[in-house]
Each structure stands twice: as structure tokens, then as C-alpha cells.
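Report on the structure
The residues making up each chain are set out below.
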Amino acid sequence: MNGLSKQPFSPLSQHENPAKPAPKWRKPWIYFASIATFSLLTGVAVVSRLQEPIQSASISDAAGLPVRAVPAHTAPIESWVFGDGNVRAVRAKHLTFEISGTVNTIVQIDGRELREGDRVSAGQLLAQVDDRQLQADLAQSRAAAAEARQQELTAIAQQQQTQAQVEQARAQVEQYRAQVASTEAQRSQAIQNVTRAEADVHRAESNLELAEADFNRYSDLVEQQVVERRQLDVARNAYNEAQASLESARASLRAAHDDVRAAETQIAAAQSQVAAAEQNVIAIEGSVRAADSQIQAARAGVESAEANITRSSVEVEDSQIVAPFDGIVAYLNVREGEYWNPQVVNSTSYQDLIESIPIVIIDPSQYEIEIELPAFEGQQVEPGQRALVVLEQDMTTASQIGLTSEQLTEIAVAEGTVFSVSPSVTPGRRGVEVTVRISHGGDKLKHGARVHTWIAVDENPNAVVAPYRAFVYRDREPHVFVVNPETNHVEERTVELGIEGLSQQEIVRGVEPNERIVVEGQNRLVDGTPVEIIE
């Protein structure tokens, strides 16, 4: 566990007096005799040492070795990982002027200038630099936009008028085309009349020839007094009628030809009118396209003017600091009358940033803590795990006296859950970034404070637990000594361990609840050693 050390029981060490250096012997036989005597004494000492455990055991049979023991018990246990972190408001905003200028406005709160700790409302103007030139630019941009919109409306009206003219010209074209069609029908009728008149002329000419022949024949017969003159008069009348019919037919033929020529003249005139009307349509359509171009140009002018308005509005907004949400002023680094330059902001570190940024607003309703854990511990952390937050001063006091899960819960000022775990490892420190969202006790935390955070990565509400000092390790295997209450002898058992708590260890297998486990003096024990439990 991080930051905690286990204090195993240590027996008193035995001190031995150092041996005096052996004198130097000059005679060989005395020298060899000394060596033999020393070897004999050494062998006796070794045998005596080998027999000592047996003698101790015999003595212990009579009086058990004094030990301390506690019962294994069932209790909840958590495995914790620990990390330092900084408290951050979930909603926090670093506010600054984006342009340089003299600060001419600091909002008044209750008749005084804004100060740290004041509550502000969303949309409230907090501070502003001189924006007179920006306001003038904004007004000019708005005037240009209004003019561009008027030009657009004029162009649209012209387009609509021209479009109406196009429709009217097209109607005239259709009208003239209808006249052409009507005149062509009249010409067709006149041509038909010419054909009929020509046929009538041919008949009249034939009739005239017949009437003339009859008249001549009757004239000869009258001279020869073969027929009566009355018959000659009839022939003469027929001849005159035939001549009249021929003249009438020829007159009709001329009239029909005149009608054809008149129709062709009307057709030509109507076709000229159609062509003129079509040219007029083409010309007016060109005016429509020109009006469309004017509209597009006017709209481009409107868009440009609106873009200028947006730019000028943004510049005006850049000269202001407005509260983005309901919150509290956490840091305030500007005063009215000071000259501000954005280059003053120093983001080298968070401390430099909050000391140079004009205003920092936080929402104190919810906090979170950002911590960095070693990679091997970060792998155990998952969203939703319980977390406890301890203040630095409380943690310092607790570290001096040791810390249990119960004490950790008592000194924790806030509680939350793991909100997020970064899937990556920080390149420099090889750590995992973890964010804890606070659910209880946020009113006891402050934005920017350094705190200690404990995350429960594993829990068992009904675990068999024992203190860490109860365990001894042989060949890296954990063992405990369990006291038999009937014989007061100890039984050495290999155990399987589970969750590692702050001051206790879970025993998964090897010990039952309420069995007494030696916690002091076990380094002198072997399986079956009699003991005397002392309080």
C-alpha cells in the first residue's frame, strides 16, 4: 500500500562480548596444543548449541512462551490506492480580454467593485476595456449592411419588373404567332378561291366559245333564211351572258389573287412582328439575367457587411468579460484604470495562469479531483469505484499514528466516485490520469486545494481479517500460528490471502472466524509450541 509501512514484531537482539585476541606462542608444540584445545572447546560449544532447542522445548513444555494473540474476525475490508490531487470545480472558466486597452469598467456589487468570492449571474458584464473605436466600427458595419440590404431589395424589384416584361413579351410573341397562323389560314382559303376562280374562268371561256359558235351559226342560218331571227336573238343573248360570265369569273380570279397577295403581306407583317417580339423577349431576358447578377452582387455585399458586423461584434465582445454561468469569482487580477495586454497571461503553470488571468469563475456546486496514479495501480481503477478525500493537515496527523479503514472514513471530509480513467499512460511520469467526481462533502473543499484521495479498488463486506503483524513468511508463503484453546499449543498454518486493507489482511482460506492468531512472539514459535497468551 502507498504511504503505509507494516511494523512486524521484532524480538530483542542478544549481545555477545567480543573475544580477546589469542596470544602469540613461540614454541611449536605449545602452538599445536593450543590449536587442539581450541578445536575441542569449539566442538563442545557446537554440540551445546545443537542441544539448546531441545532443552528450550523441554523448559517450554513446562511454561508456555508468552505471546499476544487476537481472534480472526469477520469484517468489511477494502483495498485502497492512494494519490495526491488538486480540487477543481467541474465548471470553471478562465476569462480574459482578447484585445488590449484600458480597463474602464469593473462591475459594481452592492455599491463596490467586484471582488473575489462575489456571486455573479450568467450573462452579467463583469469588466470591460475601452471599446469606443470598436463601437464606431460596429455602427459603420451596420450602416453598410443596411445599404447593402437596400441594394438587394432594389435589385430584386428590378428583377421582378423585368420578369413581368419578359412574360408580357412572350405573350406578344404568342399573339403574333396566332396572327401568323390566322393569316396563313386566310391565305390558304384565298388560294383555294383562286383555284375555284380559275376553274370558273375556264368554264366561262368554254361557255363563251360555245355561245359565240352558236351565234355565228345562227347568223349564217338567218342569212340563209333557214331559221327565224328569234333564234338568232336567243343565241346573241346567250353569247352576251357568256361574255358577262367570263368577265365576272376573271374579276373573281383577280380578287382571289388580290386576297392571296394581301394574306401573304399580312403573314409577312405578322412574322416580322413575331421576330421583333422574340428579339424583345431575348433582350428582356438579358435584362433579367443582369438583374439576377445585381441581386447576387447585392447579396454578396450583404454577406460581406454582415461578416463585418459579426467581426465588429466579436471584437466588442472580446473587449468584455461576461459571466458564462451562475458562479463565484475565484480569482480577480484586474483593476479599473489599468492597461491590459493579452500577452500578460502566463500559462507556464496553473499557478502562473491563475495569477495572470483577469478573472476565474467557478461553479461551487460540484467539484472533481484530478490525480495521477502509478501505472500498475491505475490498472485497478475503474469508473464508479468509491473514493474518499482527506485534507493535507488531517492526513499528516493520521500518518503519524497509523491509519485504518475506520480512521480513514472518519477523517475523510468528502466522498465521491471515479468519473473517468485515462486509457493512456503519461509519457514523462508513466502514470495514469484519474478523475474523481465529488458527491458528498463538496462544501468542505476549495477550488485549487491539494488533497489526498483514496480509491477503493476492491471490497469484501464479509471477509475474515487479521492484522498484518500476524503473518510470517517462509519461502515466500504466508503462515500464521493459531492457538488451540484446549491445549494452549500453536498450530502453524499456511494461509491464502485476499484483499490487502490499510491495517488488516483478508484470509481467504486457512483460518476460521474467532480462531485466535498470534500477533506478537511468533518468530520464536514452531508448530506445536506451547504458549501463554498475555494481554
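Calculation rules
- Residues numbered from 1 in each chain as written.
- Predicted model: local features only at pLDDT ≥ 70, side-chain atom pairs only at ≥ 80, totals over all residues.
- Heavy atoms only, no water.
- Helix = DSSP H or I, 4+ residues; strand = E, 2+ residues; numbered from the N terminus.
- Buried < 20%, exposed > 50% of the residue type's maximum accessible area, 1.4 Å probe, protein only.
- Contact = heavy atoms within 4.5 Å.
- Areas by Shrake-Rupley, 256 points an atom, 1.4 Å probe, with all protein chains shown as cover.
- Pairing = 2+ DSSP bridges.
- pLDDT = per-residue confidence, 0-100.
- Phe/Tyr/Trp six-rings, centres within 6.5 Å; stacked < 30°, edge-to-face > 60°.
- Lys NZ or Arg CZ within 6 Å of the ring centre and 35° of its normal.
- Axes fitted to C-alpha atoms, helices over the stretch in contact; angles between N-to-C directions.
- Parallel < 35°, antiparallel > 145°, perpendicular 65-115°, else oblique.
- Nonpolar A, V, L, I, M, F, W, Y, C, P; charged D, E, K, R; others polar.
- Salt bridge = Lys/Arg side-chain N within 4 Å of Asp/Glu carboxyl O.
- Polar contact = N/O pair within 3.5 Å; in protein donor to acceptor, adjacent residues only side chain to side chain.
- Expected span 1.5 Å × (residues − 1).

With that settled, consider the overall build of the protein. When helices and strands are tallied, the protein shows seven helices and 24 strands. Burial status across the protein gives 34% buried among its 535 residues. Once local pairs closer than 6 in sequence are excluded, the contacts in the protein between residues at least 24 apart make up 81%. When the accessible surface of the protein is split by element, carbon and sulfur atoms take 50% of a total near 32200 Å².

Turning our eyes to something else, we now look at the sheet that holds strand β9 (residues 320-322). The sheet built from four strands is open, its strands ordered β9-β8-β4-β11 with antiparallel pairing. The two strands at the open ends of the sheet, each matched to only one other strand, are β9 and β11 (339-340). Two elements, strand β4 (residues 101-106) and strand β8 (residues 125-129), share three bridges in a ladder whose sense is antiparallel. Residue pairing for β8: T105 is matched across the bridge by Q128.

Here the focus is unusual backbone geometry. Although it is not a glycine, D475 adopts a positive phi angle of roughly 55 degrees. Its location among the elements puts D475 in the loop between β18 (472-474) and β19 (477-483). The class of D475 is exposed, set by a relative accessible area of 76%. Unusually for a residue other than glycine, N488 sits at a positive phi of about 55 degrees. Among the structural elements, N488 can be located in the loop between β19 and β20 (490-494).

Across the protein, pLDDT averages 83, with 87% of residues at or above 70. In this model, residues 1-62 is a region of pLDDT below 50 whose contacts with residues beyond four sequence positions or in other chains number 25 contacts.

With respect to the element layout, V302 can be found in helix α3 (residues 229-318). When its relative accessible area of 8% is taken as the criterion, V302 is described as buried. Sequence separation of V302 and E147 is 155 residues, and the distance between their C-alpha atoms is 8.3 Å. Apart from residues no more than four positions distant in its own chain, V302 is found in contact with A148, R149 and E152.

Let us now look at the pairing of β4. Where β4 meets β11, two bridges bridge the pair, whose relative direction is antiparallel. Opposite T102, over in β11, you have Y339 as the bridge partner.

Counted by the stated rule, this structure contains three aromatic pairs. Geometrically, the ring pair formed by F82 and W454 is tilted, given 4.8 Å between the ring centres and 50 degrees between the ring planes. Here F82, found in strand β2 (residues 73-89), pairs with W454, found in strand β17 (residues 450-467); they are 372 residues apart in sequence, far enough to count as distant. On the basis of relative accessibility, which here comes to 18%, the residue F82 falls in the buried class. Under the relative-accessibility criterion, W454 is labelled buried at 1%. Arranged with centres 6.1 Å apart and planes meeting at 65 degrees, the rings of F97 and W340 form a pair that is edge-to-face. One end of the pair, F97, is in the loop between β3 (92-95) and β4; the other, W340, is in strand β11, with 243 residues separating them in the sequence. Taking the ring centre of F325 as reference, the NZ or CZ of R91 above it sits at 4.4 Å.

A few words now on the packing of helix α2 (residues 132-223) against α3. One way to put it is that α2 packs onto α3 with a least axis distance of 3 Å and a crossing angle of 170 degrees. Taken together, α2 and α3 sit at an angle that is classed as roughly antiparallel. For the contact of α2 with α3, a count of residues per class yields 48 nonpolar, 30 polar and 24 charged.

Taken in spatial order, the four strands of this open sheet run β3-β12-β10-β7, and their pairing is antiparallel. With one partner strand each, in any of the chains shown, β3 and β7 (119-120) form the two edges of the open sheet. Where strand β10 (residues 327-332) and strand β12 (residues 359-362) come together, four bridges link them in antiparallel fashion. In the strand pairing of β12, I328 is matched with I362.

We now examine the pattern of salt bridges. For side chains of opposite charge, pairing can occur when their charged atoms come near one another. Taken as a whole and judged by the stated rule, the model has 25 salt bridges. A salt bridge links R177 to E174; the shortest N-O distance between them is 3.4 Å. Of this pair, R177 and E174 both sit in helix α2, three residues apart, which is roughly one turn of the helix. The exposure class of R177 is partly exposed, given its relative accessible area of 39%. Relative accessible area serves as the criterion here: at 48%, E174 is assigned to the partly exposed category. Notably, a salt bridge pairs E492 with R474, separated by 2.4 Å at the nearest N-O pair. Of this pair, E492 sits in strand β20 while R474 sits in strand β18, and the two are 18 residues apart along the sequence. Beyond isolated ion pairs, a larger network of salt bridges with shared partners links E78, R386 and E459.

Moving on, we come to the side chain of E152. Topologically, E152 is positioned in helix α2. Look at E152 and you get buried, because its relative accessible area is 16%. Once residues lying within four places of it in the same chain are set aside, the contact partners of E152 are A298, R299 and V302.

So, on to the side chain of Q128. Within the element layout of this structure, Q128 appears in strand β8. Side-chain polar atoms of Q128 contact the side chain of D131, separated by 2.7 Å. In this view, Q128 contacts F97, T102, V103, N104, T105, S319 and Q320; residues no more than four positions away in its chain are not counted.

Moving on to α2. Because an α-helix completes one turn every 3.6 residues, residues spaced three or four positions apart along the sequence face the same direction. Counted at 1.5 Å a residue, the expected span for α2 with its 92 residues is 136 Å, and the 133 Å between its end C-alpha atoms agrees. Positive backbone phi, approximately 55 degrees, marks Q225, located one or two places after α2.

Moving on, we come to the environment of R91. With respect to the helices, strands and loops of the structure, R91 is situated in the loop between β2 and β3. Its relative accessible area of 40% is what places R91 among the partly exposed residues. Taking the C-alpha atoms as reference points, R91 and G327, separated by 236 residues in sequence, lie 8.9 Å from one another.

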